[in-house]
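A closer look at the structure
Each chain, letter by letter, is given below.
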Amino acid sequence: MTPVQVVQDSTDDSLSTPHVNDFCITFSTVNGSGSATANLTVLRALFKMGIPVSGRNIFPSNIKGLPTWFTIRVSKEGYLGRMDKDAVVVAMNQKTLLEEADWLVCGGVLFYADHLNLPRIREDVVQYAMPIKAISAALEIPRQVKTYVENMIYVGIVAQVLEIDLVVIKEALEYQFKGKQAAFDMNFGAVKAGFDWAAENIEKKDPYRVAPMNATKGYILADGNTAGALGSIYGGVQFSGWYPITPATSLPEALIEYLPLLRKDEETGEASYAIVQAEDELSAIGMTIGAGWGGLRAMTATSGPGLSLMAEYLGLAYYAEVPVVVWDVQRVGPSTGLPTRSAQGDLTFAHFMGHGDTEFIILIPGSVKECFEFGWRALDYAEEFQTPVIVLSDLDLGMNYWLSKPFEYPDEPIKRGKILWEKDMESMEERLKALGKEWGRYLDIDNDGVPYRTVPGNRRIGSSYFARGTGHDEYARYSEDPETWRKGLDRLSLKLELAKEVLPKPVVEKMERAEIGIITSGSTYPAVEEARDLLAKKGIATDYLRIRALPFTDEVPQFIRAHDHTYVIETNRDGQLKQLLTLEFPDLARYLRKLSKIDGMPLSAGWITEQIVTKERD
Amino acid sequence: MATASKEVKENALGLTKEDYQGAPSTLCPGCGHNVLAAQIIAACHELNILPEDVVKFSGIGCSSKCPTYFLSRSFGFNGLHGRMPSLATGALFADRSMIGIGLSGDGDSASIGMGQFKHVCRRNLPLVYIIANNGVYGLTKGQFSATAEKDLELKRQGKNPYLPVDICMEAMAANATFVARAFAGDPKQLRELLKAAIKHKGTAVIDVISPCVTFHNLENSLHSYSWGKENERPIHELSFIPDSRDIVIEEVEEGKVKEIKLQDGTAILIKKLGGDYDPTNRFQAFIMLEDAEVNNLLLTGLIYLDTEQQSMYESFDLPRTALNRLPNEKLRPPEETLAMVNKLML
């Protein structure tokens, strides 16, 4: 077997300082090699040891053969954001080996498969060569699953060196292979072989290890797309027309997976929903809007390019006042862009999407738990205000694995808004008769901008109306009358104005004597949270406001006014959240500082800290 | 006298034709689409369909303005250009007892909406899909549509350099289960086809040659009244039978009459004219369409019918109750299920 290679940089003392439960480990593999199971096994095992973890998949837009990375952040403090540097790299891909070696911190650890050619050796890192092929040869693994199972050998080796308990690895594998005993045996056999080899052959020279904690008890490990789908299911979603697109696909797929479990009648087997894969996003949104108009709780999920295609129908839904929810799991644009990388670049587009004067309610979840919550709330808002609601998630939140408090059951009953069935119509007609009026689909009876709607299937004569994207009056009749148009459009903006009262308020966190404010939204939350702690250690106290909905509520300008200046932190080039704040609060624009970056990677606390420290020094 | 008494005639529901009317048409006098609206009214009245049981859909264009001119008592949704089928799909799932009537045009379905047209066919959504086909864009004043014949000359457009799209052929290729062609100049046949289409449990495509009297009614051009009148060749004489038990075939010469039962017990009675065309034979349908094209004939009638395919609804285990009437407790899983869900999150 290959001897363990250890090269130590004597000037660095990091090797002598133990690092327990506080580092980042990256697995580098080739996509299509089945490494996801191996990497998730490590993630789940750490979670089961009670250590806070998050798992990020950095993957190519490809099926087989290109580099892919899975990064696990182990953080006893509970920080979930991305780190710029790795402490441990497990290298299984020749092509990216050198690149990864450069990501390592000084004193870091490089595990590499010994069949890889390592042309240059970084002298300040500990290196362990792993005889994957030799160990695998000794096991009886069928040829067709060889590459998959071989990944489990590195799981065993890494587990032994980092002191991950074999018992929790076993539990994680049992979860993965639920009842498939043969698959479990084969995979665990490989883990065990790697583990045993390492125990006998590796002399531990690095300072990184894990130790059991009690910090994940009562927590769950989930991705935002599954959370959003589950939230929608508890919100009563009944129809989704959808079309596959990375990174949104796993959201409708989670609907398909969990709906039969949760929303089929136990006795009759009847489903209270229908999910339809459409031919494109033009059709996906058309179906979903048709369903929303028909009185179904309707939602779809897409990403940037799909949202572009949905823009026209969403404009119609805004004007014709059709409830519908669209999840935009953002990726890097413009154009096809970086389809497998994360961004917050659709904010301005989503808010004003469509030609003419349009404005959409936007919800921005900042955690998987909020993805669940906004899943059901979005459907309520859409029906309450009879308008499209766009939920802006992103790849980082949607497709990665996050430690989270468990999902909470909705604390409010389902809200269907002002919908009239036959009986309701009868009393409505009487009510209006007293006012000398007749019911009209767009008649603002309550003076709150939200009219009463009926849906097909209501057989009472006089309940029907003709919906259209063309100009219409209060009775849904075609109209080109200038005053009718102006009043109709003004009423639509009144609805959004009043929606502010009920939309999720921003989350504010304060520090003593903070003069600096930070505004952010969505998945940048974990990095910002960590950066604030780092800044505080450097003597920079900050207050923080996380926007969760648009249009902005009054808390936002109050927060800006209360601070000397406010950094707006986001993952895009142009500072879109800052743009919107500037537009809405022009007087406050001079207090805002743009802090945005887009390179495909989630922001890190390190970068945010460095930026703010530098700017504060200037 | 006869006409007057017809107008007040009540159907089995006690409704007169008046109850099926829409707003006054704003289309050009003589437009084929007005014939279409009138025949939809007549078909629904004669079939004793409650207007409240119908939902109308349309895209954009002259054709798509049409739904306001019939069945005012029905719900309707005038959607986006070429995207009527998707809108109808979602809306009809809300209450599957509703009868969906979609009105589109050749611009709406054979150009911008070609994708949605073909995909709704392959899903077999129960929908009467009428394409008012005049070979021209009327609402934008006279551009060629995708169904306009090659070398057609129109004012300000010059010569059409491209080969046309045959709507029935496209529907066939997309596996539509009901494909028909009608001519606005032959309202009686159109009405019978509409009745059969309404009863069909799947997507029923009717390509209605509906001349545009303003921008495209040239003598001898396809899609004109004069050409249609001269070249229309009904492939059969067709009548819709509300109850298939009532069919009496003895009057007609044996072998010349074919009865095709629809899924709900109604039937179409087809009296063969000349040839031996069988509309349940997919292969024959293709040949006949190709033949019509080559010989420059307006063949009308029921070109293809397949009552075996299941409709789109049937692949979902849906309850008898309309989805949009399910109470909240059917929509939100009980609280105790969430613990199980949280347990799965690892």
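Quick caveat, the model's predicted, so the values are computed rather than measured.

Reading the values: the criteria
- Residues numbered from 1 in each chain as written.
- Chains lettered and ligands numbered in written order.
- Predicted model: local features only at pLDDT ≥ 70, side-chain atom pairs only at ≥ 80, totals over all residues.
- Helix = DSSP H or I, 4+ residues; strand = E, 2+ residues; numbered from the N terminus.
- Rg over C-alpha atoms; globule rule 2.2 N^0.38 Å.
- Buried ≥ 20, exposed ≤ 12 C-beta atoms within 10 Å, placed from the backbone.
- Contact = placed C-beta atoms within 7 Å.
- Pairing = 2+ DSSP bridges.
- Axes fitted to C-alpha atoms, helices over the stretch in contact; angles between N-to-C directions.
- Parallel < 35°, antiparallel > 145°, perpendicular 65-115°, else oblique.
- Left-handed = near helix turned anticlockwise from the far one by under 90°.
- Nonpolar A, V, L, I, M, F, W, Y, C, P; charged D, E, K, R; others polar.
- pLDDT = per-residue confidence, 0-100.
- Core = buried A, V, L, I, M, F, W, Y, C linked by C-beta atoms within 7 Å.
- Domains from an automatic or database assignment.

Some words on the overall build of chain A
Broken down by element type, chain A carries 19 helices and 24 strands. Here the C-alpha radius of gyration of chain A, 27 Å, is about what a compact globule of 618 residues would show, namely 25 Å. For the C-alpha atoms alone, the extent of chain A along its principal axes is close to 95 × 65 × 40 Å. Per-residue burial over chain A gives 54% buried out of 618 residues. Long-range pairs, those at least 24 residues apart, make up 76% of the contacts in chain A with a sequence separation of at least 6.

Notes on the sheet that holds strand β2 (residues 75-78) of chain B
The strand order across the open sheet built from nine strands is β18(A)-β2(B)-β1(B)-β3(B)-β4(B)-β10(B)-β9(B)-β15(B)-β11(B), with neighbouring strands paired in mixed fashion. The sheet terminates laterally at β18 (466-468) of chain A together with β11 (232-234) of chain B, the two strands that pair on one side only. Within this sheet the neighbouring strands show an average axis-to-axis angle of 20°, counted without direction. Examined bridge by bridge, strand β9 (residues 178-183) of chain B and strand β10 (residues 203-209) of chain B share six bridges and lie parallel to one another. If you follow phenylalanine 178 of chain B over to β10 of chain B, its bridge partner there is alanine 204 of chain B. Seen against the sheet, helix α8 (residues 187-199) of chain B touches β3 (99-105), β4 (127-133), β9, β10, β11 and β15 (298-305) of chain B and runs at an angle of roughly 160° to β9 of chain B.

Some thoughts on the sheet that holds strand β12 (residues 236-241) of chain B
All names here are of chain B. Here we have three strands laid out as an open sheet, ordered β12-β14-β13, and antiparallel in their pairing. Every interior strand has two partners, whereas the edge strands, β12 and β13 (257-261), have only one. Neighbour to neighbour, the strand axes of the sheet diverge by 20° on average, direction disregarded. Strands β12 and β14 (267-272) of the sheet are contacted by α8, whose axis makes an angle of about 50° with β12.

Concerning unusual backbone geometry
Look at the link from glycine 333 of chain A to proline 334 of chain A: it is a cis peptide, with omega at 10°. Summarising the element assignment, proline 334 of chain A is placed in the loop between β13 (324-332) and β14 (338-342). Looking along the chain, the bond that leaves leucine 550 of chain A and enters proline 551 of chain A is cis, with omega of 5°. Not every positive phi belongs to a glycine, and leucine 71 of chain B is a case in point at roughly 45°. Looking at where leucine 71 of chain B falls in the secondary structure, it is placed in the loop between α3 (62-65) and β2. Even without being a glycine, aspartate 151 of chain B presents a positive backbone phi close to 70°. With respect to the element layout, aspartate 151 of chain B can be found in the loop between β6 (143-144) and β7 (153-154).

Thoughts on the packing of helix α1 (residues 35-48) of chain A against helix α4 (residues 146-162) of chain A
Residues and elements named next belong to chain A. Two elements in contact, α1 and α4, have axes whose closest approach is 8 Å; the angle formed by their N-to-C orientations is 20°. With respect to their mutual orientation, α1 and α4 come out roughly parallel. Of the two possible hands of crossing, α1 and α4 adopt the one that is right-handed. Mapping the contact onto sequence places Ser35, Ala38, Thr41 and Val42 in α1 and Asn151, Met152, Tyr154, Val155 and Val158 in α4.

Structural notes on the interface of chain A and chain B
The interface is formed by 57 residues belonging to chain A together with 46 residues belonging to chain B. Top contributing element to the side of chain A that touches chain B by residue count: helix α9 (residues 281-293) of chain A, with nine residues. In terms of residue class, the side of chain A that touches chain B is built from 33 nonpolar, 15 polar and nine charged. Bridge count for β18 of chain A against β2 of chain B is three bridges, and the pairing is parallel. If you follow alanine 467 of chain A over to β2 of chain B, its bridge partner there is phenylalanine 77 of chain B.

Points about the pairing of strand β7 (residues 126-130) of chain A
Residues and elements named next belong to chain A. In terms of residue burial, β7 counts as a mostly covered element, since five of its five residues are buried. Taking every second residue as pointing to the same face, both faces of β7 are buried, with Val126, Tyr128 and Met130 on one and Gln127 and Ala129 on the other. As defined by bridge partners, strand β6 (residues 104-113) adjoins β7 across five bridges and the pair is classed as parallel. For phenylalanine 111, the partnering residue across the bridge sits in β7 and is tyrosine 128.

So, the confidence of the model for chain B
Taken as a whole, chain B shows an average pLDDT of 92; of its residues, 95% reach a score of 70 or greater. Ignoring residues within four places in sequence, the model shows residues 1-5 of chain B, a span with pLDDT below 50, making zero contacts including any to other chains.

A short note on the nonpolar core
Leu46, Phe111 and Tyr154 of chain A are the most contacted members of the largest nonpolar core, which totals 271 residues. Judged by nonpolar contacts, the second largest core, of 10 residues, contains Leu27, Ala148, Leu152 and Cys212 of chain B.

Some words on the domain arrangement of chain A
All names here are of chain A. Assigned domains within chain A: domain 1 (19-209), domain 2 (222-404), domain 3 (422-483) and domain 4 (507-617). Across the boundary between the two partners, domain 1 contributes six residues, which contact nine residues of domain 4. Residue composition of the side of domain 1 that touches domain 4, by class: three nonpolar, one polar and two charged.

So, helix α18 (residues 576-584) of chain A
For α18 of chain A, every residue scored as buried is listed here: Gln576, Leu577, Lys578, Leu580 and Leu581 of chain A. Summarising the contacts, the buried residues of α18 of chain A are in contact with α11 (347-352), β20 (516-521), β21 (542-547), β23 (565-570) and β24 (592-596) of chain A.

Some points on the packing of helix α5 (residues 166-176) of chain A against helix α6 (residues 181-201) of chain A
Residues and elements named next belong to chain A. Running from N to C, α5 and α6 point in directions that differ by 155°, and their axes come no closer than 10 Å. Viewed along their axes, α5 and α6 adopt a mutual orientation that is roughly antiparallel. For the element pair α5 and α6, the recorded crossing hand is right-handed. On α6, the residues touching Leu166, Ile169, Lys170, Leu173 and Glu174 of α5 are Phe184, Asn187, Phe188, Val191 and Phe195. When the residues that make up the contact of α5 with α6 are grouped by side-chain class, the tally is seven nonpolar, one polar and two charged.

Some points on the environment of phenylalanine 349 of chain A
Residues and elements named next belong to chain A. Here phenylalanine 349 is to be found in helix α11. For phenylalanine 349, a count of 19 C-beta atoms within 10 Å corresponds to the partly exposed category. Distance in space between the C-alpha atoms of phenylalanine 349 and asparagine 21 is 41 Å, their sequence separation being 328 residues.

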